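# Topology and contacts: notes
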Amino acid sequence: INELRENNKINDKEPRLSFENWFSGRMLNPNDQNEIIKALEWIFKFQIKTKKSKLDNEEIENEVNEVKVDLDKYIPKNSFYKQWIIDYESYLKNNPVFKTAEHGDPSFHNFIIDTSKDKMNLIDWENFKEEGNPMNDFMIFTFRSILFQRDHSLKTIKRKLEGEDKKFNRILKI
């Protein structure tokens, strides 16, 4: 990395630590439903281990507003997701949701699978937060997994999230 910085191929001047061969294994295959399920189970176990206090009303309001702003950037206004936001807010207000640690980038490329030990590791912790909303890591992983599929149109994403995709239903039931 330092050599690339010296040759001006990397503009980022912030010092970083890099490792090689830190975990044996390979990247998670986003097209393998069993590996997707194992990764979700890993996320859930991590959240259980780091469970903190319940989200309060102010945190719920901030969360919902943040989601609205983010979705408005990427999806046309007056789209199908407006009802999801209402449902999400209702869910957060009517169910105990406890803050947990957040990895921040639980994408399939950050999961390393060591098949010889039947073990999964998550790398790239630079976006880690000690306390946050457990939905964030779950949704980042799920959404990015959907986007990696061959058909990732808004129509397909909507169909999957609403439970109309039989293969995806297995994942949603976790």
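In this report, the structure presented in the accompanying data block is examined.

### Points about the environment of Val97
Structurally, Val97 can be placed in the loop between α4 (81-94) and β2 (100-102). Given the relative accessible area of 6%, Val97 is considered buried. Between the C-alpha atoms of Val97 and Leu55, which are 42 residues apart in sequence, the distance is 5.9 Å. Among all residues touching Val97, those that are not within four sequence positions of it are Ser53, Lys54, Leu55, Tyr91, Leu92, Asn133, Pro134 and Met135.

### Examining the packing of helix α3 (residues 57-74) against α4
Running from N to C, α3 and α4 point in directions that differ by 165°, and their axes come no closer than 10 Å. In terms of orientation, α3 lies roughly antiparallel with respect to α4. Every pair of crossing elements has a handedness; the one defined by α3 and α4 is right-handed. In this structure, α3 uses Ile60, Glu63, Val64, Val67, Lys68, Leu71 and Asp72 to contact α4, whose residues at the interface are Tyr81, Lys82, Ile85, Tyr88, Glu89, Leu92 and Lys93. Its residues assigned to classes, the contact of α3 with α4 shows eight nonpolar, no polar and six charged.

The rules behind the values
Sequence order as written defines the numbering, with residues in each chain counted from 1. Selection of residues for local features in this predicted model requires a pLDDT of at least 70, selection of side-chain atom pairs for listing and counting requires 80 or more, and totals for whole chains, interfaces and linings are taken over all residues. The side-chain values count all of the structure's non-hydrogen atoms but skip hydrogen atoms and water molecules. The numbering of helices and of strands both runs from the N terminus, where a helix is a DSSP run of H or I of at least 4 residues and a strand a run of E of at least 2. Using a 1.4 Å probe on the protein chains alone, a residue whose accessible area is under 20% of its type maximum counts as buried, one over 50% counts as exposed, and one in between counts as partly exposed. A contact between two residues is defined here by any heavy atoms of the two lying within 4.5 Å. Angles run from 0 to 180 degrees between N-to-C directions of axes, and those axes are lines fitted to C-alpha atoms, restricted for helices to the stretch in contact. Angular relationships are summarised with four words: roughly parallel below 35 degrees, roughly antiparallel beyond 145, roughly perpendicular across 65 to 115, and oblique for the angles in between. With the far helix as reference, a near helix turned anticlockwise by less than a right angle produces a left-handed crossing, and one turned clockwise produces a right-handed crossing. Amino acids outside the nonpolar list (Ala, Val, Leu, Ile, Met, Phe, Trp, Tyr, Cys, Pro) and the charged list (Asp, Glu, Lys, Arg) are all regarded as polar, and Gly is one of them.

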